[in-house]
Amino acid sequence: MKKYLSLLCLIAVFACTKKEEKAAGETTAAQEKCADTTKSKSRFEMYEMSEMAALMEKMYADNQKLKERIKKGDTIGKFPSHFLEIHKAVMTDESDNDAFFKSQANVFINSQKMIYEDPTNAKQHFNDGVDACVACHQVKCAGPIQRIKKLYIK
């Protein structure tokens, strides 16, 4: 039994050693791939949100909290003034800040203000605000639409 175990260990040692040495300067495909990966990492740049993207993330978080307060029948509070920054926040692509965007931003802001001014119909006003977001994103940036739709109060 010891002979078989010794033989097995010996085979394992030889199987794990290099069978041939590469000539100097010769590289394998795996080494080249590794070198390419290292080069690309040095060119990696951290993504930085535009002011508008950061504002929209904050508005989304605020609206998630507001949705829960409306569903529970809690007090609404007061209109968050930072929502008005939508008119002047810098966008990733400044050409997106056109008449259509400004119009949709006004619809959104008016819907949001109505939540606080008419809390008895808060659910309807809230959903109107979500509609404004979806309508704008269908034209400008469709990526977050599914996430936005999760805000609707059913």
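Residues numbered from 1 in each chain as written. Predicted model: local features only at pLDDT ≥ 70, side-chain atom pairs only at ≥ 80, totals over all residues. Heavy atoms only, no water.

> For this particular structure, what's the right way to read the side chain of D118?
Looking at where D118 falls in the secondary structure, it is placed in the loop between α4 (99–117) and α5 (122–139). Reaching out from D118, the side chain makes a polar contact with the side chain of N121 at a distance of 2.8 Å. (Helix = DSSP H or I, 4+ residues; strand = E, 2+ residues; numbered from the N terminus. Polar contact = N/O pair within 3.5 Å; in protein donor to acceptor, adjacent residues only side chain to side chain.)

> Where do I start with the nonpolar core in this structure?
Considering soluble globular proteins, one finds that nonpolar side chains tend to be buried as a cluster. Of all hydrophobic cores here, the largest spans 28 residues; its most connected members are I70, I86, I115 and F126. When residues no more than four places from it in sequence are discounted, the contact partners of I86 are M52, L55, M59, F101, A105, F108 and I109. (Core = buried A, V, L, I, M, F, W, Y, C linked by side-chain atoms within 4.5 Å. Buried < 20%, exposed > 50% of the residue type's maximum accessible area, 1.4 Å probe, protein only. Contact = heavy atoms within 4.5 Å.)

> Which parts of the structure should I look at to understand the layout of surface pockets?
Any empty space left between atoms is shown by rolling a water-sized probe over those atoms. Taken as a whole, the largest pocket spans an internal volume of roughly 680 Å³. Lining of the largest pocket is provided by 31 residues; of these, M52, A53, M56, H137 and P144 occupy positions nearest its centre. Only α3 (51–72), α4, α5 and α6 (145–149) provide two or more residues apiece to the lining of the largest pocket. Looking at the lining of the largest pocket, the element that brings in the most residues is α3, giving seven residues. (1 Å grid on protein atoms, 1.4 Å probe; cavity = no way out; pocket = protein on both sides within 12 Å on 5 of 7 lines; lining within 4 Å. Points joined across faces, edges and corners; volume = space filled by probe spheres on them.)

> Before we go on, may I ask you to explain the packing of α3 against α5 in this structure?
How two helices sit against one another is set out by the angle between their axes and by the gap between those axes. In contact at an axis separation of 11 Å, α3 and α5 are set at 155° when each is read in the N-to-C sense. In terms of their interaxial angle, α3 and α5 are classed as roughly antiparallel. Considering the relative orientation of α3 and α5, their crossing is left-handed. Contacts between α3 and α5 pair M56, N63, L66, K67 and I70 from the former with A122, K123, F126 and H137 from the latter. (Axes fitted to C-alpha atoms, helices over the stretch in contact; angles between N-to-C directions. Parallel < 35°, antiparallel > 145°, perpendicular 65-115°, else oblique. Left-handed = near helix turned anticlockwise from the far one by under 90°.)

None of this, on its own, says anything about what the molecule does.
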